[in-house]
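Observations on the three-dimensional arrangement
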Amino acid sequence: MAEAVVFPAGLVPESFERLVSATAAGFERDLRMAWPALEGGAAQGRFRLREGELVLEIEVEAAGVRRLGQLELPQLHVRYHFAAPGAEPARRALLARLDGAMRKGGG
């Protein structure tokens, strides 16, 4: 169930941050596959998506590289902000869909 990924222990806040293993370009590619009507891009470090009256703004910033032995994983600091926040259940549903669509193998 996709909802287990999204804030399982409480309400979805209007703003939050995540650290993800991705480049800005890779994050954009996956985000566009999940949400084709996406506005913005990796070059600007900003994205905006709309779902009815909800507006989610996403900012990305490179956060270095995580090294696991010889494996190097680029890290990206991602800030999410609901500019038009809507009701918490709507925020939860949007994030569940987005997280589910962007999830890759390996957890």
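Structure report, in brief. (Residues numbered from 1 in each chain as written. Predicted model: local features only at pLDDT ≥ 70, side-chain atom pairs only at ≥ 80, totals over all residues. Heavy atoms only, no water.)

Another point: the environment of glutamate 51. Mapped onto the fold, glutamate 51 is located in strand S3 (residues 46-51). Along the backbone, glutamate 51 and tryptophan 35 are 16 residues apart, and their C-alpha atoms lie at a distance of 9.9 Å. Once you skip the residues sitting within four places of it in the chain, glutamate 51 turns out to touch Trp35, Leu94 and Arg97. At 3.0 Å, the side chain of glutamate 51 and the side chain of arginine 97 are in polar contact. (Helix = DSSP H or I, 4+ residues; strand = E, 2+ residues; numbered from the N terminus. Contact = heavy atoms within 4.5 Å. Polar contact = N/O pair within 3.5 Å; in protein donor to acceptor, adjacent residues only side chain to side chain.)

To describe a pair of aromatic rings, one takes the distance between the centres and the angle between the planes. Scanning the entire structure with this criterion turns up two aromatic pairs. When the centroid spacing of 4.7 Å and the interplanar angle of 10 degrees are considered together, the rings of phenylalanine 16 and tyrosine 80 count as stacked. Of this pair, phenylalanine 16 sits in strand S1 (residues 15-21) while tyrosine 80 is found in strand S5 (residues 71-84), placing the two residues 64 residues apart along the sequence. The same class applies to phenylalanine 16 as to tyrosine 80, namely buried. Geometrically, the ring pair formed by phenylalanine 27 and phenylalanine 47 is tilted, given 6.0 Å between the ring centres and 55 degrees between the ring planes. Of the two residues, phenylalanine 27 sits in helix H1 (residues 24-34) while phenylalanine 47 sits in strand S3, which places them 20 residues apart along the sequence. Here phenylalanine 27 falls in the buried class, since its relative accessible area comes to 5%. Between arginine 18 and the ring centre of tyrosine 80, over which it is positioned, the NZ or CZ distance is 5.3 Å. (Phe/Tyr/Trp six-rings, centres within 6.5 Å; stacked < 30°, edge-to-face > 60°. Buried < 20%, exposed > 50% of the residue type's maximum accessible area, 1.4 Å probe, protein only. Lys NZ or Arg CZ within 6 Å of the ring centre and 35° of its normal.)

Once that is clear, we can look at the pattern of salt bridges. Note on pairing: side chains with opposite charge can pair once their charged atoms come close. Inspection of every chain in the model, using the stated rule, returns eleven salt bridges. A salt bridge links glutamate 39 to arginine 50, with the shortest nitrogen-to-oxygen separation between them at 2.9 Å. Placement of the pair is glutamate 39 in strand S2 (residues 39-41) and arginine 50 in strand S3, with a sequence separation of eleven residues. Exposure remark for glutamate 39: the relative accessible area of 35% places this residue in the partly exposed category. With its nearest N and O atoms 2.3 Å apart, the salt bridge here joins arginine 48 to glutamate 57. Among the residues examined, arginine 48 registers a relative accessible area of 27% and is labelled partly exposed. We classify glutamate 57 as partly exposed; its relative accessible area is 24%. One continuous salt-bridge network, built from bridges that share partners, spans Glu17, Glu61 and Arg79. (Salt bridge = Lys/Arg side-chain N within 4 Å of Asp/Glu carboxyl O.)

None of the figures reported here should be taken as evidence of function without further support.
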